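If you want the building blocks of each chain, they are given just below.
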Amino acid sequence: SGFARNAKRIFDFLVSVILLLLTSPIFLIVYIAIKFDDGGPAIFKQERIGYKGKPFMLYKFRSMKVDAEKNGKPQLWAGGEDDRLTKVGKFIREHHLDELPQFLNIWKGDMSFVGYRPERQYFIDKIVKENPDYVKLYAMRPGVFSNATLYNGYTDTMEKMLTRLDMDLEYLENHNLWVDITIIFKTGMSILTGKKF
């Protein structure tokens, strides 16, 4: 409903402002660590497809080498042993600190705290060939947290992408503010207890 959609957006905006203020010291520490590690840019920007199928720039702390995709072909992250990770990058990936700049995406309205993980058009085209229902996700904003990420982990295969899609479609049909708060709490506890996903 329009009310639920507006409530979700207000919640996202207010909480993102609070978290941006609270995590600003961590932002500074991570920013400096990345710059000292290899001298490259600390913030990584990449076009993703989001709400209503529109592209937006997703922000992350850079965890990979500057030339990680030097061959020009998009590649999925291969896990903690991916040789494209920098020393600092491996640490911030394992502790999910690379995701912090996405609070800016939430504040701007590109993303929500909870929703499907936004993909690049290259991978969306591959997913849609297997399951065209992917486009139904465009009815909501993509998110930083999701049950799919929590229980299915990072997607490094097409099989995982399709499993994630099924979970995201289930969320689309059944989500509400309480479900969102539950997912945020469970994800936060998983990060604090060192769970790898």
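Residues numbered from 1 in each chain as written. Predicted model: local features only at pLDDT ≥ 70, side-chain atom pairs only at ≥ 80, totals over all residues. Heavy atoms only, no water.

> In this structure, what is going on with the nonpolar core? I would like to understand it.
Core analysis: the biggest nonpolar cluster contains 34 residues, and Ile34, Phe61, Ile92, Tyr134 and Leu137 have the highest contact counts within it. Among the elements of the structure, helix H2 (24-38), strand S2 (55-61), helix H3 (87-94), helix H4 (102-108), strand S3 (112-114), helix H5 (121-130), strand S4 (143-145) and helix H7 (158-174) are those that each provide at least two residues to this core. Top contributing element to this core by residue count: H7, with five residues. Filtering out sequence-adjacent residues up to four positions away, Leu137 remains in contact with Tyr116, Leu165, Asp168, Leu169 and Leu172. (Core = buried A, V, L, I, M, F, W, Y, C linked by side-chain atoms within 4.5 Å. Buried < 20%, exposed > 50% of the residue type's maximum accessible area, 1.4 Å probe, protein only. Helix = DSSP H or I, 4+ residues; strand = E, 2+ residues; numbered from the N terminus. Contact = heavy atoms within 4.5 Å.)

> Which parts of the structure should I look at to understand the pairing of S2?
Regular strands place side chains that alternate from one sheet face to the opposite one. The element S2 is extensively covered by neighbouring structure, given that five of its seven residues are classed as buried. Note that strand S1 (residues 43-49) and S2 share seven bridges and pair antiparallel. Bridge pairing in S2 places Gln46 opposite Leu58. The turn joining S1 and S2, which pair antiparallel and follow one another in sequence, is formed by five residues; a positive phi near 60° is taken by Lys52. (Pairing = 2+ DSSP bridges.)

> How should I be thinking about the packing of aromatic side chains in this particular structure?
Note on aromatic pairs: each is described by the distance of the centres and the angle between the planes. Under the defined criterion, the tally for this structure stands at seven aromatic pairs. Aromatic rings pair up to connect Phe11, Phe103, Phe113 and Phe145 into one cluster. Positioned above the aromatic ring of Tyr51, the side-chain terminus of Arg141 is 4.9 Å from the ring centre. (Phe/Tyr/Trp six-rings, centres within 6.5 Å; stacked < 30°, edge-to-face > 60°. Lys NZ or Arg CZ within 6 Å of the ring centre and 35° of its normal.)

> Help me understand H5 in this model?
When we look at burial in H5, the residues that qualify are Phe123, Ile124 and Ile127. Down the axis of H5, the buried set is contained in an arc of 100°. They therefore lie on one face. The elements touched by buried residues of H5 are S1 and H7. (Arc of directions from axis to C-beta.)

> How do you make sense of the packing of H2 against H3 when you look at a structure like this?
How two helices pack is summed up by the angle between their axes together with the distance between the axes. H3 packs onto H2 with a crossing angle of 150° between their chain directions and a minimal axis gap of 8 Å. As judged from the angle between their axes, H2 and H3 are roughly antiparallel. Together, Val30, Ala33, Ile34 and Asp37 of H2 and Lys87, Val88 and Ile92 of H3 make up the contact between the two elements. Tallied by class, residues from the contact of H2 with H3 come to five nonpolar, no polar and two charged. (Axes fitted to C-alpha atoms, helices over the stretch in contact; angles between N-to-C directions. Parallel < 35°, antiparallel > 145°, perpendicular 65-115°, else oblique. Nonpolar A, V, L, I, M, F, W, Y, C, P; charged D, E, K, R; others polar.)

> What should I look at first to understand the pattern of salt bridges in this one?
If charged atoms from side chains of opposite charge come close, those side chains can pair. What the rule picks out here adds up to nine salt bridges. Across the pair Lys60 and Asp98 runs a salt bridge, and its minimum N-O distance is 3.3 Å. Of this pair, Lys60 sits in strand S2 while Asp98 sits in the loop between H3 and H4, placing them 38 residues apart in sequence. Across the pair Lys60 and Glu99 runs a salt bridge, and its minimum N-O distance is 3.9 Å. (Salt bridge = Lys/Arg side-chain N within 4 Å of Asp/Glu carboxyl O.)

> Quick question: what am I supposed to make of a nonpolar patch on the surface here?
Together, Ile10, Phe13, Leu14, Leu104 and Trp107 line one region of the surface with nonpolar side chains, adding up to about 470 Å² of accessible area. At the level of elements, helix H1 (2-22) and H4 are the ones that each hand at least two residues to the nonpolar patch. The leading source of residues in the nonpolar patch is H1, at three residues. Position of Trp107 among the secondary structure elements: in helix H4. Overall, Trp107 belongs to the partly exposed group, its relative accessible area being 41%. (Patch = residues over 30% accessible without salt bridge, like charges linked within 9 Å, V, L, I, M, F, W, Y side chains within 5 Å. Areas by Shrake-Rupley, 256 points an atom, 1.4 Å probe, with all protein chains shown as cover.)

> How do you make sense of the packing of H5 against H7 when you look at a structure like this?
Relative orientation of the contacting elements H5 and H7 amounts to 75°, with a least axis distance of 10 Å. Here H7 runs roughly perpendicular to H5, going by the angle between their axes. Packed against H5, whose contacting residues are Phe123, Lys126, Ile127 and Glu130, the element H7 presents Met158, Met161, Leu162, Arg164 and Leu165 at the interface. Considering only residue class, the contact of H5 with H7 consists of six nonpolar, no polar and three charged.

So yeah, pure geometry; function would need other evidence.
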